[in-house]
Amino acid sequence: MDFSTNTGGVSVLFGAGKLADEDGIAAIRKTLADRGVTRALIVTTEGSNRRNGDLVRNTLGPLLASTWIFAQPKIDQTNVDALLRSVTEYNADCVVALGGGSVTGICKIAALTRAEDDTAPDLVIAAIPTTFSGSEMTNIWGLHKDGHKVSTCTVL
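Here is what the cut-offs are and how they apply
- Residues numbered from 1 in each chain as written.
- Predicted model: local features only at pLDDT ≥ 70, side-chain atom pairs only at ≥ 80, totals over all residues.
- Heavy atoms only, no water.
- Buried < 20%, exposed > 50% of the residue type's maximum accessible area, 1.4 Å probe, protein only.
- Helix = DSSP H or I, 4+ residues; strand = E, 2+ residues; numbered from the N terminus.
- Core = buried A, V, L, I, M, F, W, Y, C linked by side-chain atoms within 4.5 Å.
- Patch = residues over 30% accessible without salt bridge, like charges linked within 9 Å, V, L, I, M, F, W, Y side chains within 5 Å.
- Areas by Shrake-Rupley, 256 points an atom, 1.4 Å probe, with all protein chains shown as cover.
- Salt bridge = Lys/Arg side-chain N within 4 Å of Asp/Glu carboxyl O.

> Mind laying out unusual backbone geometry, listing which residues take part and the relevant values?
Here the phi dihedral of Asn91 falls at roughly 55°; this positive angle occurs in a residue that is not glycine. Look at Asn91 and you get exposed, because its relative accessible area is 55%. If you check the backbone angles, Asp146 has positive phi at about 55° while not being a glycine. Here Asp146 shows up in the loop between strand E7 (140-145) and strand E8 (148-153).

> Please give an account of the nonpolar core that cites residues and values.
Val43, Trp68, Val80, Leu83, Val87 and Ile106 are the most contacted members of the largest nonpolar core, which has 21 residues in total. Of all elements in the fold, only strand E3 (40-43), helix H3 (77-89), strand E5 (94-99), helix H4 (101-116) and E7 reach the threshold of two or more residues within this core. Ranked by the residues each element gives to this core, the list is headed by H4, at six residues. Judged by nonpolar contacts, the second largest core, of 15 residues, contains Ile42, Val56, Leu98 and Ile128.

> Let's hear about the environment of Asp23: which residues, and what values?
Relative to the helices and strands, Asp23 is located in helix H1 (residues 22-34). Expressed as a C-alpha distance, the spacing of Asp23 and Arg39, which sit 16 residues apart in the sequence, is 21 Å.

> Go over a nonpolar patch on the surface, please, and point to the residues and values.
Taken together, the side chains of Met1, Phe3 and Phe14 define a hydrophobic patch exposed on the protein surface, amounting to about 360 Å² of accessible area. On the secondary structure map, Met1 appears in the segment before strand E1 (3-7). Met1 gets classed as exposed once you look at its relative accessible area, which sits at 79%.

In structure tokens form, the structure reads like this:
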């Protein structure tokens, strides 16, 4: 099954091989460019990077700023701060979540943090989900504090 849609500011490009065929790569690059993306930082884990990093880097092509492989299953503020330092270092205007719910979650928190900073440009989030968490389609995120996960819903 192959489809694309744009609803409520969310663009979905769905289908097998989107990261590998020329039409899929062109569609992904166009979608990002239409959102003003010029420098994308891939956010992932070491494992997802080994499995899919080269494919995603190839897909992003000239939009690729770098790859950040330090996403953790339990997101804490230290991890978010480290990601935001890399966003600044690479002058990224987009974070590409390559992985499951935690990877997408840290990208959401980073984007929300940047949105609250009037001196920093907003971050676009692109997601390449590798699990069925569904995090890429929700406005819910969680941050671990004092050994407990605090989940929050952002009103859009």
